[in-house]
Amino acid sequence: MIRILVTEAAIDLAAELEGLERAGGGAVASFTGLVRDDGGVEELFLEHYPGATDEALAKLAAEAENRWSLAAATVIHRVGAMTPGERIVFVGTAAAHRSAALDACAFLIDRLKTDAPFWKRETRGQDARWVGERESDRHAADRWKRP
Amino acid sequence: MAAVDLLYFAWVRESIGIGHERATPPAEVADVAGLIDWLAARGGGYAEALADKTRLRAAVDQLFVPLDASIAGAREIALFPPVTGG
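All right, on to the packing of helix 2 (residues 53-68) of chain A against helix 3 (residues 98-115) of chain A then. Residue and element names in this part refer to chain A. Here helix 2 crosses helix 3 at 155°, and the two axes come no closer than 10 Å. Comparing their axes, helix 3 and helix 2 come out roughly antiparallel. Our pair here, helix 2 against helix 3, has a crossing hand that is right-handed. Contacts between helix 2 and helix 3 involve Ala56, Leu57, Leu60, Ala61, Glu63, Ala64, Arg67 and Trp68 from the first element and Ala100, Asp103, Ala104, Phe107, Leu108, Arg111, Leu112 and Asp115 from the second. Partitioning the contact of helix 2 with helix 3 into residue classes produces 11 nonpolar, no polar and 5 charged.

Here's what the structure looks like:
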């Protein structure tokens, strides 16, 4: 069971984790990303490519489900304006055993960062700037490539 | 070629000043890189946003593609910076 959601609404962790626990696996793993205040960020704005975003996330979730035989995968990404401390992204997986759940969860967040069409803009006072690509994110995504 | 929907995101959208337009590139524009050059020649915000191709990524009909990808038959082409979600 795959659940994909791109939303302006807050992420309800308890509800999402309970949903994964009902999938019938013996292990649930999750990752939650929070807005950092990185040197005085007051607002983080998330733009995305409507129409392509859901499909990009669903493709990654299907790849994870297939590669680790998941019972369930959930990917939720917020868009719009957020403030430091708010949840921006949630990835959760359910599998028979912990290693599959943990690896699939890491795969999903690593690949989401390079494969899904989202862009971050940070605002500090009067200064608004788009966040640049990070090489470390590309390396993290590359480690999931199969030989 | 026929008219195509062009979408711009993040600072590409802000520099150009719009997020969406319809355009009809001339027949000799065969790939995404050619489209970028054709648009940049309009000058102003286009030239500013599209000057450096190493900073640009693209999607044709909502699939990420390299800049040498063909645009023949495309209905929607998006130009944007490297993604930074998560």
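Per the stated rule, a full pass over the model turns up 9 aromatic pairs over all chains. With a centroid separation of 4.7 Å and 40° between ring planes, the pair formed by Tyr49 of chain A and Phe9 of chain B is classed as tilted. Residue Tyr49 of chain A is found in the loop between strand 3 (43-48) and helix 2, and its partner Phe9 of chain B is found in the loop between strand 1 (4-8) and helix 1 (10-16); the two belong to separate chains. We note that Tyr49 of chain A, like Phe9 of chain B, is buried. When the ring of Trp119 of chain A is compared with that of Phe9 of chain B, the centres are 5.0 Å apart and the planes differ by 10°; the resulting orientation is stacked. Here the residue Trp119 of chain A occupies a position in strand 7 (residues 118-124), and Phe9 of chain B occupies one in the loop between strand 1 and helix 1, the pair thus bridging two chains. Its relative accessible area of 8% is what places Phe9 of chain B among the buried residues. Following the ring pairs from residue to residue traces out a cluster consisting of Tyr49 and Trp119 of chain A together with Phe9, Phe64 and Phe80 of chain B. Positioned above the aromatic ring of Trp38 of chain B, the side-chain terminus of Arg42 of chain B is 5.2 Å from the ring centre. Over the ring of Trp11 of chain B we find Arg55 of chain B, and its NZ or CZ is 4.3 Å from the ring centre.

Opposite the 20 residues of chain B that make contact, chain A presents 25 residues. Of the roughly 1800 Å² buried between chain B and chain A, counting both surfaces, carbon and sulfur atoms make up 56%. Between the two partners, chain B and chain A, sit 3 salt bridges. For Arg57 of chain B, the salt bridge goes to Glu133 of chain A, with nearest N and O atoms at 3.6 Å. For the interface between chain B and chain A, the tally reads 11 residue pairs in polar contact (both at pLDDT 80 or more). Looking at the side of chain B that touches chain A, the elements that each hand over two or more residues are strand 1, helix 1, strand 3 (57-60) and strand 5 (76-80) of chain B.

As a further point, take helix 3 of chain A. Taking 1.5 Å per residue as the helical rise, helix 3 of chain A with its 18 residues ought to reach 26 Å, and the 25 Å between its terminal C-alpha atoms agrees with that figure. Buried residues belonging to helix 3 of chain A abut strand 2 (27-34), helix 2, strand 4 (72-78), strand 6 (87-95) and helix 4 (135-142) of chain A.

Analysis parameters
Residues numbered from 1 in each chain as written. Chains lettered and ligands numbered in written order. Predicted model: local features only at pLDDT ≥ 70, side-chain atom pairs only at ≥ 80, totals over all residues. Heavy atoms only, no water. Axes fitted to C-alpha atoms, helices over the stretch in contact; angles between N-to-C directions. Helix = DSSP H or I, 4+ residues; strand = E, 2+ residues; numbered from the N terminus. Parallel < 35°, antiparallel > 145°, perpendicular 65-115°, else oblique. Left-handed = near helix turned anticlockwise from the far one by under 90°. Contact = heavy atoms within 4.5 Å. Nonpolar A, V, L, I, M, F, W, Y, C, P; charged D, E, K, R; others polar. Phe/Tyr/Trp six-rings, centres within 6.5 Å; stacked < 30°, edge-to-face > 60°. Buried < 20%, exposed > 50% of the residue type's maximum accessible area, 1.4 Å probe, protein only. Lys NZ or Arg CZ within 6 Å of the ring centre and 35° of its normal. Buried area = accessible area lost by both parts, 1.4 Å probe. Salt bridge = Lys/Arg side-chain N within 4 Å of Asp/Glu carboxyl O. Polar contact = N/O pair within 3.5 Å; in protein donor to acceptor, adjacent residues only side chain to side chain. Expected span 1.5 Å × (residues − 1).

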